[in-house]
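Secondary and tertiary structure notes
This is what each chain is made of:
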Amino acid sequence: VNVVAEPEEEEVALMGLKVNLADQTVYPSSFQMHNHCVACIANLWNCPKPKNFETTQAYAGAGTVGSTEACLLAGLALKFRWRQWYAKTFNKT
């Protein structure tokens, strides 16, 4: 795919390359947004609250760049939750 960009567009894109939104010490609001998104998904999937939820107000979660990574992580989480449910339901240890 060929993409033609104006010089001004390239300048803006290059400025964005210098920003590391993953650094929570520099951009604390991006980390708050990440926690909010994880909480929304956790509530949507009826995830149990962690034991330390009252102090942290956060669910465990990982940020991903693309939907493929997100789907793979969600699938793994579902697999482990299913494995625990199955062991408990059918007395498997």
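As a starting point, this report considers the structure included with it.

Calculation rules
Each chain carries its own residue numbering, running from 1 in the written order of its sequence. The predicted origin of the model limits local features to residues at a pLDDT of at least 70 and limits the giving and counting of side-chain atom pairs to 80 or more, whereas totals for whole chains, interfaces and linings rest on all residues. Calculation of side-chain values draws on the structure's entire complement of heavy atoms; hydrogens and water are dropped beforehand. Put simply, DSSP H or I for four residues or longer makes a helix, DSSP E for two residues or longer makes a strand, and each gets a number counted from the N terminus. Within these notes, the globule rule equals 2.2 Å times the number of residues to the 0.38 power, and the radius of gyration is based on C-alpha atoms. Buried means the residue's accessible area, taken with a 1.4 Å probe over protein chains only, is under 20% of the maximum for its type, while exposed means over 50%, and partly exposed covers the values in between. Using a 1.4 Å probe, accessible areas were evaluated by the Shrake-Rupley method; residue-level cover was limited to the displayed protein chains. Two residue types count as positive, namely Lys and Arg, and two as negative, namely Asp and Glu; His and chain ends fall outside the count. One atom stands in for each charge, and that atom is NZ of Lys, CZ of Arg, CG of Asp or CD of Glu. To estimate the expected span of a helix, count its residues, drop one, and scale the result by 1.5 Å. Within this analysis, the arc is defined by the directions that extend from the helix axis to the C-beta atoms. Patch criteria: residues need more than 30% relative accessible area and no salt bridge. Like-charged residues are merged within 9 Å; nonpolar side chains of Val, Leu, Ile, Met, Phe, Trp and Tyr are merged within 5 Å. By convention in these notes, a salt bridge is any Lys or Arg side-chain nitrogen within 4 Å of a carboxyl oxygen on Asp or Glu. For this analysis, a ring pair means two rings from Phe, Tyr or Trp (six-membered ring only for Trp) whose centres lie within 6.5 Å, classed as stacked if their planes differ by under 30 degrees, edge-to-face if by over 60, and tilted for the remaining angles.

Check the secondary structure of the protein chain and you find four helices and zero strands. What you see in the protein chain, going N to C, is helices and strands ordered as α-α-α-α. Its C-alpha atoms give the protein chain a radius of gyration of 19 Å, more than 25% over the compact-globule value 12 Å for 93 residues. Along the longest, intermediate and shortest principal axes, the C-alpha atoms of the protein chain span 65 × 35 × 20 Å. When burial is assessed residue by residue, the protein chain has 5% of its 93 residues classed as buried. About 8500 Å² of surface is accessible on the protein chain, with carbon and sulfur atoms providing 62% of the total. For the protein chain, the separation between the mean place of its 8 positive charges and that of its 8 negative charges on side chains is 34 Å.

This part covers helix H2 (residues 28–44). For H2, built from 17 residues, the straight-helix expectation of 24 Å at 1.5 Å per residue is met to within 8% by its first-to-last C-alpha distance of 24 Å. Ser-30, Val-38 and Ala-42 are the residues of H2 that are buried. Each buried residue of H2 lies within a common arc of 115 degrees when the element is viewed along its axis, so the set occupies one face. Counted as exposed and oriented over 90 degrees from the buried face of H2: Gln-32, Met-33, His-36 and Leu-44. Asn-46 sits one or two positions beyond H2 and adopts a positive phi of about 55 degrees.

Right, let's talk about a negative patch on the surface for a bit. A grouping of Glu-6, Glu-8, Glu-9, Glu-10 and Glu-11 is seen on the molecular surface, where their side chains present a negatively charged patch. Looking at the element boundaries, Glu-6 is found in the segment before helix H1 (7–17). Owing to a relative accessible area of 48%, Glu-6 belongs among the partly exposed residues under this scheme.

A word on the packing of aromatic side chains. Going through the model one piece at a time under the given rule, you end up with four aromatic pairs. Measuring from ring centre to ring centre gives 4.7 Å for Tyr-86 and Phe-90, while their planes differ by 45 degrees; the resulting arrangement is tilted. Classification of Tyr-86 by relative accessible area gives partly exposed; the value is 32%. Taking relative accessible area as the criterion, Phe-90 reaches 45% and is therefore assigned partly exposed. Through pairs of rings, three or more aromatic residues link up here, namely Trp-82, Trp-85, Tyr-86 and Phe-90.

Function cannot be inferred from these measures alone, as they are strictly geometric.
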